[in-house]
Amino acid sequence: MKIPKYFLSLWSLLLFASITSAQTFKAGDKVEALIGNTWKPVSVIKALSGKSNTYEVRVNRTSNGKTMVTNVVLDKSKLRFPQNTTIHNPVIAVAKPVSSNLHLGRYELYSGIPSMYLGHLILLADGRYKVAFDSEEDNYDESGRYTFNENTNTIEWLSGMFKNNNWGGKLVKKESAGYRIEFNKAAFADSSN
């Protein structure tokens, strides 16, 4: 029975790679660039016209105690959104009580047509979420913050993978027991209680 597990792991990896490769960057984005085998913080200046997937970025370098600003042209494959995002906005960082309309806890992630299991998502009461791309409880690949709008029954992703991919978060009570978070036309997360 190991073949289906390996197939699912490979499929999940390919889906995650396609999602991240579909990311585009715009002027002003604060991202990380792979420069000299190290991920360094940079600012996107612009996408180069006529060269798909190529961006000009601004790098701050320190040499002999002096900061120098350098513009570098990089391929999209050497750029990513920050992996360890620290939230500096004190309004967002303050934990707010979560609405009683929001169902907290574990949701199983599905995507594709037909739907295939990807992993799971856990909504925490302090406005954080974490995502694992397998069934292991202590192997969380992604995390971020969210806020819930009671009036529209929607979750707004403030940081992390769902924010970076511009996914929605419509919360729907299922006719059977449980809740569903609809991210887009093909991706959703289900809870069983």
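Residues numbered from 1 in each chain as written. Predicted model: local features only at pLDDT ≥ 70, side-chain atom pairs only at ≥ 80, totals over all residues. Heavy atoms only, no water.

Draft legend 1. The pattern of salt bridges, seen in detail. Taken as a whole, this structure holds six salt bridges when the rule is applied. Notably, a salt bridge pairs Arg80 with Glu32, separated by 2.7 Å at the nearest N-O pair. With a gap of 48 residues between them, Arg80 in strand 5 (residues 79–80) and Glu32 in strand 1 (residues 30–35) connect regions that are remote in the sequence. Judged by its relative accessible area of 16%, Glu32 is buried. (Salt bridge = Lys/Arg side-chain N within 4 Å of Asp/Glu carboxyl O. Helix = DSSP H or I, 4+ residues; strand = E, 2+ residues; numbered from the N terminus. Buried < 20%, exposed > 50% of the residue type's maximum accessible area, 1.4 Å probe, protein only.)

Draft legend 2. Just the confidence of the model for the protein chain, in detail. When pLDDT is averaged along the protein chain, the result is 76, and 73% of the positions lie at 70 or above. Here residues 85–98 is a poorly scored stretch, pLDDT under 50, and it has 14 contacts once near neighbours within four places are set aside; other chains count. (pLDDT = per-residue confidence, 0-100. Contact = heavy atoms within 4.5 Å.)

Draft legend 3. Region of interest: the nonpolar core. Ranked by size, the top nonpolar core spans 22 residues in total, and within it Leu121, Leu123, Trp157, Phe162, Ile181 and Phe183 carry the most contacts. Listed by contribution, the elements that provide at least two residues to this core are strand 6 (105–111), strand 7 (116–123), strand 8 (128–132), strand 9 (142–149), strand 10 (154–157), helix 3 (161–164), strand 12 (179–182) and strand 13 (187–190). For this core, the element with the most residues is strand 7, which contributes three residues. Membership of the second largest hydrophobic core comes to 13 residues, among which are Phe25, Val72, Leu79 and Phe81. (Core = buried A, V, L, I, M, F, W, Y, C linked by side-chain atoms within 4.5 Å.)

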